[in-house]
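Structural characterization, general
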Amino acid sequence: MAAPKNIPKDAQVMIQILKDMGITEYEPRVINQMLEFTYRYVTTIIEDAKIYATHAKKSTVDADDIKLAIQCRMDQSFTSPPPRDFLLEVARQKNLTPLPLIKPYTGPRLPPDRYCLTAPNYRLKTVQKKVYI
C-alpha cells in the first residue's frame, strides 16, 4: 500500500515499519490498531514514570524513571520462557515415570457384535437338494 501524504506522520511511520518488515498487504485498520496500541503503551509508561518520580520526590521525570516504568511494564505484560535448565529438569523428572502398559485390546471399545453393524445381519437359507431315485 502506498502511503498518501495527507495521513498523519505517526501513521506514515507505522506504514514504513510494516514495509520494512516485508508486509505489503494489510487492511487500513491495522494502522489504526498499531497507533492505538502505541498510544496506550506510551501513555501508561509516562504515567508510571510520573508516579515513580513523585515517589522519589523529584520534580521532573528523568530517563531512570522511564527505564523503571518500562521494566515494570515488561514484567507485568510480557512473559519470557523459563530457563532451558529448568525445562530440562522438569522433563527429566516427568520422564522418570514409566508409561502405562498397553492393554491387550486396542482400538475403540465396541458393544457386542449383535449391536454392531460389523456383525452379519442376515442368515443364509440352506437349500436341500431333492434326491431322485
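Residues numbered from 1 in each chain as written. Predicted model: local features only at pLDDT ≥ 70, side-chain atom pairs only at ≥ 80, totals over all residues. Heavy atoms only, no water.

You'll find the protein entered in an unreviewed UniProt entry as Transcription initiation factor TFIID subunit 9, with Pogonophryne albipinna given as the organism. The record in UniProt for the protein states the following under Subcellular location (unreviewed entry): "Nucleus". Listed in UniProt under the heading Sequence similarities (unreviewed entry), the comment for the protein reads: "Belongs to the TAF9 family." (UniProt positions renumbered as here; feature names shortened; annotations may be inferred.)

1. Quick word on the overall build of the protein
For the protein, the count of helices and strands is four helices and zero strands. Helices (α) and strands (β) of the protein occur, in sequence order from the N terminus, as α-α-α-α. Its C-alpha atoms give the protein a radius of gyration of 35 Å, clearly above 14 Å, the size a compact globule of 133 residues would have. Along the three orthogonal principal directions, the C-alpha set of the protein runs to about 125 × 50 × 25 Å. Considering only intrachain contacts with a sequence separation of at least 6, the fraction spanning at least 24 residues in the protein is 28%. Accessible surface computed for the protein: about 12,900 Å², of which carbon and sulfur atoms make up 60%. (Helix = DSSP H or I, 4+ residues; strand = E, 2+ residues; numbered from the N terminus. Rg over C-alpha atoms; globule rule 2.2 N^0.38 Å. Contact = heavy atoms within 4.5 Å. Areas by Shrake-Rupley, 256 points an atom, 1.4 Å probe, with all protein chains shown as cover.)

2. A closer look at the environment of Gln33
Among the structural elements, Gln33 can be located in helix α2 (residues 29-55). The spatial distance from the C-alpha of Gln33 to the C-alpha of Asp48 is 23 Å, given a sequence separation of 15 residues.

3. Section: a nonpolar patch on the surface
A grouping of Val13, Ile17, Met21 and Ile23 is seen on the molecular surface, where their side chains present a nonpolar patch of about 350 Å² in accessible area. Relative to the helices and strands, Ile17 resides in helix α1 (residues 9-20). A residue is classified by how much of its surface remains accessible, and Ile17, at 38% relative accessible area, is partly exposed. (Patch = residues over 30% accessible without salt bridge, like charges linked within 9 Å, V, L, I, M, F, W, Y side chains within 5 Å. Salt bridge = Lys/Arg side-chain N within 4 Å of Asp/Glu carboxyl O. Buried < 20%, exposed > 50% of the residue type's maximum accessible area, 1.4 Å probe, protein only.)

4. A short note on the packing of aromatic side chains
For the coordinates displayed, the defined rule picks out one aromatic pair. Where Phe37 meets Tyr41, the ring centres are 6.2 Å apart and the plane angle is 15 degrees; that geometry is what we call stacked. Taken together, the residues Phe37 and Tyr41, both in helix α2 and four residues apart, mark about one turn of the helix. When its relative accessible area of 53% is taken as the criterion, Phe37 is described as exposed. (Phe/Tyr/Trp six-rings, centres within 6.5 Å; stacked < 30°, edge-to-face > 60°.)

5. A short note on the nonpolar core
By size, the foremost hydrophobic cluster in this structure holds six residues: Ala11, Met14, Ile15, Leu18, Tyr26 and Ile31. The leading source of residues in this core is α1, at four residues. When near neighbours in sequence (up to four residues on either side) are disregarded, Leu18 contacts Ile23, Tyr26, Val30, Ile31 and Met34. (Core = buried A, V, L, I, M, F, W, Y, C linked by side-chain atoms within 4.5 Å.)

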